[in-house]
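Listed below, chain by chain, are the residues.
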2 protein chains.
Amino acid sequence: MQDKARVQTMMGEDLLFLTDDQLRRGIEAMFFAYRAFTADPDIILADMDYGRAHHRALHFINRDPGLTVTSLLAVLGVTKQSLNRVLRTLIEDGLVDSRIGRRDRRERQLYLTAAGTALERRLTEAQRARMRLAYRTAGPQAVAGFRQVLEAMMDPETRSQYQALKDLPEDR
Amino acid sequence: MQDKARVQTMMGEDLLFLTDDQLRRGIEAMFFAYRAFTADPDIILADMDYGRAHHRALHFINRDPGLTVTSLLAVLGVTKQSLNRVLRTLIEDGLVDSRIGRRDRRERQLYLTAAGTALERRLTEAQRARMRLAYRTAGPQAVAGFRQVLEAMMDPETRSQYQALKDLPEDR
DNA sequence: ATAGAAAGTCAACAAGACTGCCCTATGGCG
DNA sequence: CGCCATAGGGCAGTCTTGTTGACTTTCTAT
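Residues numbered from 1 in each chain as written. Chains lettered and ligands numbered in written order. Predicted model: local features only at pLDDT ≥ 70, side-chain atom pairs only at ≥ 80, totals over all residues. Heavy atoms only, no water.

Peer 1: Is there a simple way to think about the pattern of salt bridges in this case?
Peer 2: Side chains carrying opposite charge are able to pair once their charged atoms draw close together. Enumeration over the complete set of coordinates arrives at 26 salt bridges over all chains. Note that Asp 20 of chain A is salt-bridged to Arg 132 of chain B, the shortest N-O span being 3.6 Å. Here the residue Asp 20 of chain A occupies a position in helix H1 (residues 20–46), and Arg 132 of chain B occupies one in helix H5 (residues 114–138), the pair thus bridging two chains. (Salt bridge = Lys/Arg side-chain N within 4 Å of Asp/Glu carboxyl O. Helix = DSSP H or I, 4+ residues; strand = E, 2+ residues; numbered from the N terminus.)

Peer 1: What am I meant to see in the interface of chain A and chain B here?
Peer 2: Counting residues at the interface gives 67 residues for chain A, matched by 66 residues for chain B. Surface buried jointly by chain A and chain B totals about 7000 Å² across both partners, of which 65% is contributed by carbon and sulfur atoms. Across the chain A-chain B interface, the total number found is eight salt bridges. With a shortest N-O distance of 3.1 Å, Asp 155 of chain B and Arg 130 of chain A are connected by a salt bridge. Secondary-structure elements contributing two or more residues to the side of chain A that touches chain B are H1, helix H2 (52–63), helix H3 (69–76), helix H5 (114–138), helix H6 (140–153) and helix H7 (156–165) of chain A. A total of 18 residues in the side of chain A that touches chain B trace back to one element, the largest contributor, which is H1 of chain A. (Contact = heavy atoms within 4.5 Å. Buried area = accessible area lost by both parts, 1.4 Å probe.)

Peer 1: When you look at the nonpolar core in this model, what are you seeing that I'm missing?
Peer 2: A general feature of soluble globular proteins is that nonpolar side chains tend to end up buried together. Within the largest apolar cluster, 95 residues are counted, with the highest numbers of intra-cluster contacts made by Met 30 and Met 153 of chain A together with Met 30 and Met 153 of chain B. Apart from residues no more than four positions distant in its own chain, Met 30 of chain B is found in contact with Ala 33, Tyr 34, Phe 37, Met 131, Phe 146 and Leu 150 of chain A together with Leu 150 and Met 153 of chain B. (Core = buried A, V, L, I, M, F, W, Y, C linked by side-chain atoms within 4.5 Å. Buried < 20%, exposed > 50% of the residue type's maximum accessible area, 1.4 Å probe, protein only.)

Peer 1: Hey, could you run me through the relation of the copies chain A and chain B in this one?
Peer 2: Between the two copies of the chain lies a relationship made up of a rotation around an axis and a movement along it. For these two chains of identical sequence, chain A goes onto chain B by a turn of 180° and a shift of 0.0 Å along the axis, with RMSD 0.2 Å. Classification of the inter-copy transformation places it as that of a two-fold axis. Closest approach to the rotation axis among the C-alpha atoms of chain A is made by Phe 146 of chain A, whose C-alpha sits 1.8 Å away. (Least-squares fit on C-alpha atoms with pLDDT ≥ 70 in both.)

Peer 1: Hey, could you run me through the protein's contact with DNA strand C in this one?
Peer 2: As a structural note, the neighbourhood of DNA strand C is formed by 24 residues, with Thr 70, Lys 80, Asn 84 and Arg 88 of chain A together with Gly 51 of chain B the closest of them. Near-protein atoms of DNA strand C (within 4 Å) split between backbone and bases, with sugar and phosphate holding 63%. One nitrogen or oxygen atom from the main chain of Gly 51 of chain B is found 3.2 Å from a phosphate oxygen belonging to DNA strand C. Sorting the residues of the surface near DNA strand C by element identifies H3 and helix H4 (80–92) of chain A together with helix H2 (52–63) and helix H4 (80–92) of chain B as the ones contributing at least two each. (Near = heavy atom within 4 Å. Polar contact = N/O pair within 3.5 Å; in protein donor to acceptor, adjacent residues only side chain to side chain.)

Peer 1: Got a minute to help me understand the protein's contact with DNA strand D in this structure?
Peer 2: Among the 24 residues in the neighbourhood of DNA strand D, the closest are listed as Arg 52, Arg 85 and Arg 105 of chain A together with Thr 70 and Arg 106 of chain B. The backbone of Val 69 of chain B places a nitrogen or oxygen atom 3.3 Å from a phosphate oxygen of DNA strand D. Broken down by secondary-structure element, the contributors of at least two residues to the surface near DNA strand D are H2 and H4 of chain A together with helix H3 (69–76) and H4 of chain B. Its residues assigned to classes, the surface near DNA strand D comprises three nonpolar, nine polar and 12 charged. (Nonpolar A, V, L, I, M, F, W, Y, C, P; charged D, E, K, R; others polar.)

Everything listed is a geometric property; what it means functionally is a separate question.
Pasting the structure below:
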């Protein structure tokens with residue numbers, strides 16, 4: 001009784017999509033898809049002695065220029081020591097600019113330099129290309145469902161952060 | 001420059017879901033959701049000196065008992081040296097049984113022991129609980145879309161492996 | 001003015017991926 | 001039989017990225 005679980009919507013009785021088998025399929029899909037999802041930028045990064053962590057930092061600094069180290073920490077969910085190493089190399093290499101906070105001089109506000117912006121764009125575009133194809137293949141309705149499930153999967157606190165990101169300035 | 005990618009194409013109109021902004025939202029959702037996705041089993045694993053790699057091995061051995069080291073390698077997409085370290089500890093700890101291949105005595109066929117099955121179940125159940133909640137929250141139609149997009153995101157070769165898994169014996 | 005909290009940095013260590021190389025055992029084939 | 005390919009294991013060393021602990025700088029409240 002595994003595959004006939006093609007769910008048809010409506011019909012209150014239709015909880016077939018919650019069988020252990022269906023859940024396991026979702027788990028495996030997450031594993032395989034995430035691997036592909038990170039593969040494209042990883043190739044670019046490998047060439048320049050950077051890793052995924054650098055990409056993530058660039059992404060969120062680009063997303064919200066001027067954010068502090070602590071804010072970035074909260075979004076990334078790592079320790080500040082871990083982030084610091086990554087940040088240090090990015091700053092040394094001239095991809096990120098760290099300026100002393102204006103309100104509070106203990107803080108460091110982070111900005112991408114022109115070079116940083118260029119790399120971020122290159123990395124993200126590689127990732128976007130795959131996402132674009134997947135979106136196009138699956139169609140708008142599937143995309144909506146995709147986002148709904150992912151959002152429901154996040155920890156509540158993370159979900160708030162994610163939703164808050166929605167409203168950030170869209171410059172670029 | 002960021003084409004605000006409103007409509008373009010002749011028929012256009014419904015390509016709004018392919019804007020760079022929409023794609024970026026998807027990228028961020030993947031990042032946050034995947035972190036949550038791995039968090040629950042990670043807590044259990046941390047207590048016993050195991051890591052994510054052990055979980056993955058247990059999962060796929062449980063999925064297809066008797067598979068060879070080479071097959072497992074192909075599914076996991078890691079090097080044999082990397083897998084070997086993980087597998088060695090699992091075998092030493094009595095969670096996995098490695099038997100000499102029946103067709104080909106060079107091969108090792110992998111099985112979970114009772115203890116291995118128990119741990120696999122515990123780990124997977126933690127992960128399933130989150131997935132179940134997400135599925136239930138989002139609903140069947142969203143789940144279908146979720147799976148469609150993830151599948152479209154995989155590398156073609158991986159997708160074949162993923163689809164092939166569909167037909168494996170369903171014990172449990 | 002000073003104590004304590006907060007932000008950030010430096011140092012050392014561990015997990016888990018990788019490569020490269022070498023080894024054994026087995027299987028297939030001319 | 002002999003040769004070579006394949007399956008698997010082991011060892012050494014590297015890299016990224018996570019961790020904790022201890023430190024400095026800066027701010028804030030008493």
